[in-house]
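Given next are the chains, with one letter for each unit.
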Amino acid sequence: MTTPPDHDWPNAIAHIDADCFFASCELVRRPDLIGSPVCILSSQDACVIAKTYDAKAAGIKTGMPIWDAKKLMPHATYLSADFRFYGLISEKMFSILRRYSPDMEVYSIDEGFLDLNGTRQLWKKDYKGIAHDIRRAVHREVGITVSVGVSVTRILAKIASEYNKPNGVTIVPSSMIQLFLKRVKLSDVCGIGRNRLATLNKFSIHTPMDFVNADIEVIKQLLGKAGTDLWHEMKGTMAIGLELHAQLPKSMARTASMGEVTGNRKTIISHLIRHTSRLATELVTKRLLTKRITIFLRLKDFSSLSAQADFEYPTNNYFRLSRSVQAMMADLYQPNELYRACGIIAESITNAEDSMPDLFGVMKTDAKQASIFATMDDINKKYGRGTLRVAGAHVSNISGQRVRFMYPMIEAN
């Protein structure tokens, strides 16, 4: 293939997206399931959170309750999610992507962007060749497939990676943008969800070509700055740069169905203790602090009760978090009600390194106690989740779950 002229590539961005990521991870360690439908289940096995393409073709959707999914495909294999293992696969995948460009944005656990500018000379190949090398390397070394889109902006690259799934490559240089946009739907554009699509349709904007041919002032009026950024990106002008440094999360949550409808206070508290322990562990291992937490209880009728607490100093101390959770629980719990889910959310998150010590040494004490949870996390990583846990935390009784965490770990290079 002849390399397109340089004016076709004022910029070069690749979007790499793993195909059916959670399900693909399971097939890495369960090759006996390759070729058969597989569904991955949420906490407490309540609903489907991921599935293979054949399960999707049968009508199984993300968020579908497991009993509905089993009516459609009783012969499918239903597996409890193993997010620790998926994280290890993700780390290995991203370690491979970094070989092809040091400028990378980790967009989510299963997708990322690469700045490929200057890499054609380095690899002595055109962008299509580089994209295929990436795809083959991930499959060979990790065992999962990825789809790769390369274009002059991140939005076009993301649409391109979706265009030829699974295990495909799509290249969209400047000269091919209009032809490409004629082949995709407006709903395929990242950033145009159901509500925005309905708004655009009201003004006779039904296709990507309608969108880029519309007056920018109209787009601005309808969708604001986010819309004008999309308009520029879809026309081939970079308006949304890559986030090369990880951003602080706005919030972190640990929530789940309890797997039953219950009014038992001790049962609910045991679930909240488990969520609080998991949240504290993640804050510690990521060296983050929170200054505000919210807990919620979801009732049988799916309505919710919530309470919020602020800390005088930012913290990741489990005991401090737990005392606050217990106090809020005492106010929220109503003994005549039935509950189906609960959770905890951390907000006002900061880096531990950036926090100023307080005068009374509270944060210094927190830092010492955080080492307990860091050690507990190391042991659980080595010997399996749940090897060590906080007293009183809910223990899942899913059959065979412990075995699933004892597979050999994959280490990123």
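Note that the structure is a prediction, hence the values are computed from the model and not measured.

1. Looking at the sheet that holds strand β2 (residues 38-41)
Across the sheet, three strands lie side by side as β3-β2-β4; this open sheet has mixed pairing. One side of each edge strand has no neighbouring strand; the edge strands of this open sheet are β3 (48-51) and β4 (77-80). Each strand axis lies, on average, 30° off the axis of its neighbour in the sheet, ignoring direction. Where β2 meets β4, four bridges bridge the pair, whose relative direction is parallel. Each bridged residue has a counterpart across the sheet, and for Ile40 the counterpart in β4 is Leu79. Packing against the sheet, helix α1 (residues 21-29) makes contact with β2, β3 and β4, and its axis sits at approximately 110° to β2.

2. So, the nonpolar core
With 64 residues, the main nonpolar core has Ile40, Leu114, Val148, Leu181, Leu200 and Phe211 as its most contacted residues. Broken down by element, this core gets its largest block of residues, eight residues, from helix α4 (residues 83-100). Leave out the neighbours within four places in its chain, and Phe211 touches Leu186, Ile192, Leu200, Ile205, Ile219, Leu223, Gly227, Leu230, Trp231 and Met234. With 29 residues, the next largest nonpolar core counts Ile269, Ile273, Phe311 and Tyr318 among its residues.

3. Re the sheet that holds strand β12 (residues 339-351)
Here we have four strands laid out as an open sheet, ordered β9-β12-β10-β11, and antiparallel in their pairing. In this open sheet, the two edge strands, each paired with only one partner strand, are β9 (251-262) and β11 (304-315). Taken pair by pair, the neighbouring strands of this sheet meet at an average axis angle of 15°, ignoring direction. Against the sheet, helix α12 (residues 265-285) engages β9, β10 (288-299), β11 and β12, with an angle of about 160° to β9.

4. Re the packing of aromatic side chains
When we look at a pair of aromatic rings, we describe it by the centre distance and by the angle of the planes. In this structure the tally under the stated criterion is ten aromatic pairs. Between Phe83 and Tyr86, the aromatic rings sit 5.8 Å apart at their centres with planes inclined by 85°, giving edge-to-face as the arrangement. Here Tyr86 and Phe83 lie together in helix α4, a separation of three residues that amounts to about one turn. Judged by relative accessible area, Tyr86 falls into the buried class, the value being 0%. Pairing Tyr318 with Phe319 gives two aromatic rings, centres 5.3 Å apart and planes at 75°, and the pair type is edge-to-face. You can call Tyr318 buried: its relative accessible area is 6%. Relative accessible area serves as the criterion here: at 38%, Phe319 is assigned to the partly exposed category. An aromatic cluster is defined as three or more aromatic residues linked by ring pairs; in this entry it consists of Phe21, Phe22, Phe83 and Tyr86.

5. Quick word on the pattern of salt bridges
Throughout the structure, instances matching the rule amount to 15 salt bridges. Between Lys165 and Asp19 there is a salt bridge, and its shortest N-O distance comes to 2.6 Å. Within this pair, whereas Lys165 is found in the loop between α7 (154-163) and β8 (169-172), its partner Asp19 is found in the loop between β1 (13-18) and α1, the two being separated by 146 residues in sequence. A salt bridge links Arg136 to Asp133; the nearest nitrogen and oxygen atoms lie 3.1 Å apart. With Arg136 and Asp133 both in helix α6 (residues 127-141), this residue pair falls three residues apart, about one helical turn. On the basis of relative accessible area, Asp133 is assigned to the buried category, the value being 17%. Salt bridges here are not isolated pairs; linked through shared partners, they connect Asp17, Asp19 and Lys165.

6. Thoughts on the pairing of strand β6 (residues 111-115)
A large share of β6 lies buried, amounting to four of its five residues. Alignment of β1 against β6, held across five bridges, turns out to be antiparallel. What sits directly across from Asp17, in β6, is Glu111. Of the strand pairs in this sheet, strand β5 (residues 104-108) and β6 are connected by four bridges, and their pairing is antiparallel. In the strand pairing of β6, Ser108 is matched with Glu111. Linking β5 back to β6 in an antiparallel pair, the connection comprises two residues.

7. Structural notes on the environment of Asn167
With respect to the helices, strands and loops of the structure, Asn167 is situated in the loop between α7 and β8. The class of Asn167 is partly exposed, set by a relative accessible area of 32%. Separated by 148 residues in sequence, Asn167 and Asp19 have C-alpha atoms that sit 7.1 Å apart. When neighbours within four sequence positions are excluded, Asn167 is seen to be in contact with Asp19, Arg135, Thr145, Val146 and Ser147. Within the structure, the side chain of Asn167 is placed 3.2 Å from the side chain of Arg135, a separation counted as a polar contact.

8. A closer look at the packing of α12 against helix α13 (residues 318-332)
Describing two packed helices takes the angle between their axes plus the distance from one axis to the other. Orientation of α12 relative to α13, taken along the N-to-C sense of each, is 150°, at an axis distance of 10 Å. Taken together, the axes of α12 and α13 lie roughly antiparallel to each other. Like other packed secondary-structure pairs, α12 and α13 cross with a definite hand, here right-handed. Between α12, through Arg265, Ile268, Ile269, Leu272, Ile273, Thr276, Ser277, Ala280 and Leu283, and α13, the contact on the second element is made entirely by Tyr318, Leu321, Ser322, Val325, Gln326, Met329 and Ala330.

Basis of the calculations
- Residues numbered from 1 in each chain as written.
- Predicted model: local features only at pLDDT ≥ 70, side-chain atom pairs only at ≥ 80, totals over all residues.
- Heavy atoms only, no water.
- Pairing = 2+ DSSP bridges.
- Helix = DSSP H or I, 4+ residues; strand = E, 2+ residues; numbered from the N terminus.
- Axes fitted to C-alpha atoms, helices over the stretch in contact; angles between N-to-C directions.
- Contact = heavy atoms within 4.5 Å.
- Core = buried A, V, L, I, M, F, W, Y, C linked by side-chain atoms within 4.5 Å.
- Buried < 20%, exposed > 50% of the residue type's maximum accessible area, 1.4 Å probe, protein only.
- Phe/Tyr/Trp six-rings, centres within 6.5 Å; stacked < 30°, edge-to-face > 60°.
- Salt bridge = Lys/Arg side-chain N within 4 Å of Asp/Glu carboxyl O.
- Polar contact = N/O pair within 3.5 Å; in protein donor to acceptor, adjacent residues only side chain to side chain.
- Parallel < 35°, antiparallel > 145°, perpendicular 65-115°, else oblique.
- Left-handed = near helix turned anticlockwise from the far one by under 90°.

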